[in-house]
Amino acid sequence: MRKNTSSVFFLTMSMLLLLILVASYLHITNGVFDMSVMDVIKTLLRIESNPKFDLVIFEFRLPRIVIAGLVGIGLGMAGVVLQGITRNGLADPGILGINAGAGAAVVIFMFFFQLKLVSADMNSWLSILMMPLFGFIGGTIAAILIFTFALKNGHLDMQRLILTGIAINSGFGALSLFLSLKMSAQDFESAAIWMAGSIYNANWIFALTMLPWLLILGIYVHRKSYLLDYFQLEEDSITSLGIAVEKEKMKLLLASVGLVSACVSVSGSIGFIGLMAPHIAKQLVGIQHRYVMPVSALIGAGLLILADFIGKTVFAPSELAVGIVVSIIGIPYFLYLLVKSKA
C-alpha cells in the first residue's frame with residue numbers, strides 16, 4: 001500500500017511539474033509582445049541575443065512567473081498547515097483574516113515609512129526587506145486575535161473560528177482602505193492595485209527577498225507535516241503519544257503566518273489558493289500530509305501562474321489583477337465545499 005502511495009505521489013509530482021512548465025511557456029511567449037519558442041530559447045541560452053527579447057523576458061515576464069510560483073508555493077503550504085491545525089477544510093489564510101492582517105501591516109509601512117525611506121535616498125533593498133517583517137507582525141496579530149476569540153473551554157470552536165476570521169478580515173481590510181485613502185493619488189493607485197492582489201510589477205529583488213522565508217519556513221513545515229496527521233485525532237489521544245499539542249500547533253501557526261506574510265509583502269492579498277490547493281492535493285494523493293504538503297505547493301504554484309497568465313492576456317492590453325482571477329475561480333469552489341460539508 002505504501003509503495004503504491006509513493007508511486008502515485010511521484011507520478012502526481014511529475015505531472016504537476018509538467019503542467020507548471022506548460023503554464024510558464026504560455027506565460028512567457030504570449031502577451032502584448034508575442035514571441036516564438038525559438039526566440040525564447042535563443043534568449044535564454046544567450047544565442048543571438050536581442051535587447052528587446054532580453055528586456056521582455058528577464059525584466060518583465062520571467063520575474064513575474066517566478067514570483068507567481070513562489071507565492072503559490074507559500075500559500076499552498078500555509079493552507080495545508082491551517083487546515084491541519086484547525087481540522088477545518090474551509091480554513092484559508094484569506095478567509096481567516098491572516099492575509100488581511102499582513103496586508104494592513106504592509107500598508108501601514110507604505111504609509112508611514114516607505115516615503116521617508118525613498119526621500120532619504122536610501123537603497124530600495126531596505127524598504128523591500130522590511131515589508132515581510134511588517135507583514136509577519138500584522139499576520140501574527142491577526143492570528144492571535146482569531147484564535148483567542150475562537151477558543152471555547154480551551155479548544156478551538158470551528159464556527160467561532162470562521163466567524164471571527166470574517167470579522168478580522170473585514171476590520172483589517174477597512175484599516176487598509178482608510179490608510180490608502182490618506183495617500184496621494186499616485187500612491188493610492190499603487191496601494192489599491194497591490195491590495196487587489198497583483199504581481200505585475202514583480203522583479204528579482206522581490207523574489208530574492210521572499211526566498212529565504214520560503215526556504216526556511218517551507219522546509220520546517222514539511223518536516224513537521226507528520227504532526228498534522230496526529231492533529232486529526234482526539235486531543236487526549238495525541239497527548240498520550242507524548243506530543244506537546246498546543247506548543248507544536250503554535251510553532252506551525254507562526255511558520256504559516258511567516259509564509260503568508262512573505263507572500264503578501266510581494267503580491268498583495270491573494271485568497272483561495274490556500275483553500276483550493278490542499279483539497280485538490282488530497283484528492284490526488286490521499287490524506288497523509290507528508291505527501292499532501294509538496295503536492296499542494298506545486299498546485300498552488302501552477303494555479304497562480306495560470307491565473308496570472310489569464311489576467312495578463314484575456315483583457316489585453318489592459319490587465320486584470322491575479323487576485324481577482326483567483327477569486328473568480330475560488331468563490332464557486334468555496335461554495336461547493338461549503339455545500340459538500342453540510343451534505
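Residues numbered from 1 in each chain as written. Predicted model: local features only at pLDDT ≥ 70, side-chain atom pairs only at ≥ 80, totals over all residues. Heavy atoms only, no water.

For the protein, an unreviewed UniProt entry supplies the name Bacillibactin ABC transporter integral membrane protein and the organism Lysinibacillus fusiformis. Recorded in UniProt for the protein, the comment headed Sequence similarities (unreviewed entry) runs: "Belongs to the binding-protein-dependent transport system permease family. FecCD subfamily." (UniProt positions renumbered as here; feature names shortened; annotations may be inferred.)

## Topic: the overall build of the protein
The number of helices and strands found in the protein is 14 helices and 2 strands. Compactness check: the protein gives a C-alpha radius of gyration of 20 Å against a globular reference of 20 Å for 343 residues, within 12% of the reference. A principal-axis box enclosing the C-alpha atoms of the protein has dimensions of 65 × 55 × 35 Å. The long-range share in the protein, meaning contacts at least 24 apart out of those at least 6 apart in sequence, stands at 76%. (Helix = DSSP H or I, 4+ residues; strand = E, 2+ residues; numbered from the N terminus. Rg over C-alpha atoms; globule rule 2.2 N^0.38 Å. Contact = heavy atoms within 4.5 Å.)

## Structural notes on the environment of V285
Its place among the elements puts V285 in helix α12 (residues 273-285). Residue V285 is classed as buried on the basis of its relative accessible area of 8%. Sequence separation of V285 and Y220 is 65 residues, and the distance between their C-alpha atoms is 21 Å. Contacts of V285, omitting those with residues within four sequence positions, involve T5, V8, F9, T12, Y291, V292 and V295. (Buried < 20%, exposed > 50% of the residue type's maximum accessible area, 1.4 Å probe, protein only.)

## What about the side chain of T12?
Looking at the element boundaries, T12 is found in helix α1 (residues 2-29). In this structure T12 comes out as buried when scored by relative accessible area, which is 10%.

## Some details on a nonpolar patch on the surface
A cluster of nonpolar side chains, contributed by Y25, V37, M38, I41, L44, L45 and I47, occupies part of the molecular surface with about 620 Å² of accessible area. In terms of residue count, the dominant contributor to the nonpolar patch is helix α2 (residues 37-44) (4 residues). Here V37 shows up in helix α2. Looking at V37, the relative accessible area reads 37%, which means it is partly exposed. (Patch = residues over 30% accessible without salt bridge, like charges linked within 9 Å, V, L, I, M, F, W, Y side chains within 5 Å. Areas by Shrake-Rupley, 256 points an atom, 1.4 Å probe, with all protein chains shown as cover. Salt bridge = Lys/Arg side-chain N within 4 Å of Asp/Glu carboxyl O.)

## Considering helix α11 (residues 245-267)
Between its terminal C-alpha atoms α11 stretches 33 Å, which fits the 33 Å expected from 23 residues at 1.5 Å a residue. Buried residues dominate α11, accounting for 18 of its 23 residues. Downstream of α11 by one or two residues, G268 has phi in the positive range, about 80°. (Expected span 1.5 Å × (residues − 1).)

## Quick word on the environment of L133
Inspection of the secondary structure assignment puts L133 in helix α5 (residues 124-150). Sequence separation of L133 and S237 is 104 residues, and the distance between their C-alpha atoms is 37 Å.

## Details of the packing of helix α3 (residues 51-86) against α11
Put simply, α3 and α11 touch, their axes get as near as 9 Å, and they point 155° apart. Relative to α11, the element α3 is oriented roughly antiparallel. In this structure, α3 meets α11 at a crossing whose hand is left-handed. Between α3 and α11, the contacting residues are I67, L70, V71, G74, L75, M77, A78, V81, L82 and I85 on the first element and K249, L252, L253, S256, L259, V260, C263, V266 and S267 on the second. Tallied by class, the residues present in the contact of α3 with α11 amount to 15 nonpolar, 3 polar and 1 charged. (Axes fitted to C-alpha atoms, helices over the stretch in contact; angles between N-to-C directions. Parallel < 35°, antiparallel > 145°, perpendicular 65-115°, else oblique. Left-handed = near helix turned anticlockwise from the far one by under 90°. Nonpolar A, V, L, I, M, F, W, Y, C, P; charged D, E, K, R; others polar.)

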